[in-house]
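Summary of structural features
The lines below spell out each chain.
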Amino acid sequence: MFVWSYWKTIFTSPASPSNEFCLSKADKEQYEKEERPESQQEILRRAAKDLPIYTTTASRAIRYCDRCQLIKPDRCHHCSACDICVLKMDHHCPWVNNCVGFSNYKFFLLFLLYSLLYCLFVAATVLQYFIKFWTNELPDTHAKFHVLFLFFVAAMFFISILSLFSYHCWLVGKNRSTIETFRAPTFRNGPDKNGFSLGCSKNLREVFGDEKKYWLLPIFTSLGDGCNFPTRLVIMDPEQLTVSSQSEPVKSSGGSQSFPTRPLSESQNRLLASDSQWVESGPEEENVKSGFCNTFCA
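Overview of the structure. (Residues numbered from 1 in each chain as written. Predicted model: local features only at pLDDT ≥ 70, side-chain atom pairs only at ≥ 80, totals over all residues. Heavy atoms only, no water.)

**Description of helix 3 (residues 37-48)**
Residues separated by three or four positions in an α-helix point in the same direction, a consequence of the helix having 3.6 residues per turn. Under the 1.5 Å per step criterion, the end-to-end length of helix 3 is 16 Å for twelve residues, consistent within 8% with the ideal 16 Å. The complete set of buried residues in helix 3 reads S39, Q40, Q41, I43, L44 and A48. Where helix 3 is buried, its residues contact helix 2 (25-33), strand 1 (64-65) and strand 2 (70-71). (Helix = DSSP H or I, 4+ residues; strand = E, 2+ residues; numbered from the N terminus. Expected span 1.5 Å × (residues − 1). Buried < 20%, exposed > 50% of the residue type's maximum accessible area, 1.4 Å probe, protein only. Contact = heavy atoms within 4.5 Å.)

Below, the structure is given as C-alpha cells:
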C-alpha cells in the first residue's frame, strides 16, 4: 500500500481547468489589446458571469492567469514548477516531484499514512535489538551499528512524517489547502479562511468520498470536479437584497436570524443534499437564480 500510494502520488497528473474557463478568441484578442486594467476586468467579468466562480483577488478582481490565459476557478493556482494551473492546488512537493492538488491529494495523504506506519513498524521491530545494544547484550559484530542506524533513521522519519500528517489531517478537517492557510480566499464579503468548510464530516467526505470501504485504498474517490466547490453561504448582490427585503423573508432555524437564499452549489454537490432546504416561492426563485449567476457582474 505504501508503494502503491507513492506511485499514484507521483504519476497522477495534476488536474487543470476545463476549456470553459478559457477566454474565447474574440475576448482574448480584446483583452490583449486593452491597456487599462479596468477595461480588462470588464472583459473578464463578462466572460465569468456564467462560471461557478465565487472568489476574487484581494483587490476584488477576477482571478486570471496570464501565463495559461484562463480564468482561475476557485482554489486553483498556477504552479511555477509545473508551469500549469492546478485545481485545488495544495503545494508542489519535491519529495514526489509533482504538484499535490485535487487529483492526487487523497493519494498524498495515504502516502503519508502508510509511510508513518512503515516507519513505526521498522522502529518497533528493531527496538529490542536497540535495547540490547545499550545494555551490551548484543553480540560484538558490525551488525549492531546497522541496528543503531536503522532505529534512529526510522524514529527520525516517524517524528517528521507524524507532524506533517497531523498538519494535513487538520487541513482536511478545516477544508483548507496549504495555500489557503497562509492566504485566505476572498469572497464577496471579504477574506474567509473557513469559507469552504462544511463541517468535519463533510470535509472528510469531500476528499475521501462517500464509500468508506475505499478510503484506505489509493483509488480516486474525491467528490466534485475540482472546478466548483460548495461553500458555506453566498452573500447576495445589493439588488437581490432589495428584492428579498420586499418579499417574504426566508425562514431559518434560528428564528430571528436571516440567511442568504441558497447555499452555494446546493443543486450540484451532494455534500449539501442533507442540509435543510431554503424556502422560496416561484417568482422569487427565478430572481434569485438570475442574480446568483451574475454575482461578479453587479
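From this point, the narrative continues.
**Here we look at the side chain of T9**
Relative to the helices and strands, T9 is located in helix 1 (residues 2-11). Reaching out from T9, the side chain makes a polar contact with the backbone oxygen of S5 at a distance of 2.7 Å. One polar contact links the side chain of T9 to the main-chain carbonyl oxygen of F107, over a distance of 3.2 Å. Leave out the neighbours within four places in its chain, and T9 touches V96, N98, N104, F107, F108 and F111. (Polar contact = N/O pair within 3.5 Å; in protein donor to acceptor, adjacent residues only side chain to side chain.)

**A closer look at the packing of helix 1 against helix 4 (residues 105-134)**
Interhelical geometry of helix 1 versus helix 4 gives an angle of 150° and a closest axis separation of 8 Å. Our classification of the angle between helix 1 and helix 4 gives roughly antiparallel. Considering only the axes of helix 1 and helix 4, their crossing is left-handed. Across the interface between the two elements, F2, S5, Y6, K8 and T9 of helix 1 pack against F107, F108, L110, F111, Y114 and S115 of helix 4. When its residues are assigned to classes, the contact of helix 1 with helix 4 shows seven nonpolar, three polar and one charged. (Axes fitted to C-alpha atoms, helices over the stretch in contact; angles between N-to-C directions. Parallel < 35°, antiparallel > 145°, perpendicular 65-115°, else oblique. Left-handed = near helix turned anticlockwise from the far one by under 90°. Nonpolar A, V, L, I, M, F, W, Y, C, P; charged D, E, K, R; others polar.)

**Remarks on the nonpolar core**
Of all hydrophobic cores here, the largest spans 22 residues; its most connected members are L44 and I71. Of all the elements in the fold, those that place two or more residues in this core are helix 3, strand 1 and strand 2. Counting residues per element, this core draws most heavily on helix 3, which supplies three residues. Those residues in contact with L44 that lie beyond four places of it in its chain are L23, Y31, I62, Y64 and I71. Among the nonpolar cores identified, the runner-up in size contains 20 residues, and L109, L116, V172 and V207 belong to it. (Core = buried A, V, L, I, M, F, W, Y, C linked by side-chain atoms within 4.5 Å.)

**Thoughts on the packing of aromatic side chains**
Here the structure, examined in full by the defined rule, presents 13 aromatic pairs. Consider the rings of F151 and F152, whose centres lie 6.1 Å apart with planes at 75°: the pair is edge-to-face. Given the relative accessible area of 45%, F152 is considered partly exposed. Relative to W170, the ring of Y167 lies with its centre 6.3 Å away and its plane at 25°, an arrangement referred to as stacked. Placement of the pair is Y167 and W170 together in helix 5 (residues 143-174), with a separation of three residues, close to one helical turn. Here the aromatic cluster, defined as three or more aromatic residues joined through ring pairs, consists of F102, F187, F196, F220 and F229. Against the face of F196 rests R75, its NZ or CZ located 4.4 Å from the ring centre. (Phe/Tyr/Trp six-rings, centres within 6.5 Å; stacked < 30°, edge-to-face > 60°. Lys NZ or Arg CZ within 6 Å of the ring centre and 35° of its normal.)

**Here we look at unusual backbone geometry**
Keep in mind that most residues, glycine aside, have a negative phi and that most peptide bonds are trans. One non-glycine residue, Q69, lies in the positive phi region at around 55°. Within the element layout of this structure, Q69 appears in the loop between strand 1 and strand 2. Although it is not a glycine, R75 sits at a positive phi angle of roughly 70°. Position of R75 among the secondary structure elements: in the loop between strand 2 and strand 3 (77-79).

**A short note on the pattern of salt bridges**
Counted under the stated rule, the structure contains five salt bridges. Residue D27 pairs with R46 through a salt bridge whose shortest N-O separation is 3.9 Å. Of the two residues, D27 sits in helix 2 while R46 sits in helix 3, which places them 19 residues apart along the sequence. Accessibility expressed as a relative area gives 37% for R46, which makes it partly exposed. The salt bridge involving R67 is made with D83; its shortest N-O contact spans 2.9 Å. Of this pair, R67 sits in the loop between strand 1 and strand 2 while D83 sits in the loop between strand 3 and strand 4 (84-86); the two residues are 16 residues apart in sequence, bridging distant segments of the chain. For R67, a relative accessible area of 61% gives the class exposed. Judged by its relative accessible area of 35%, D83 is partly exposed. Overlapping salt bridges bring together R75, E180 and E206 as one network. (Salt bridge = Lys/Arg side-chain N within 4 Å of Asp/Glu carboxyl O.)

**Remarks on the environment of E38**
Within the element layout of this structure, E38 appears in helix 3. When the C-alpha atoms of E38 and A61 are compared, they prove to be 9.4 Å apart, with 23 residues separating the residues in sequence.

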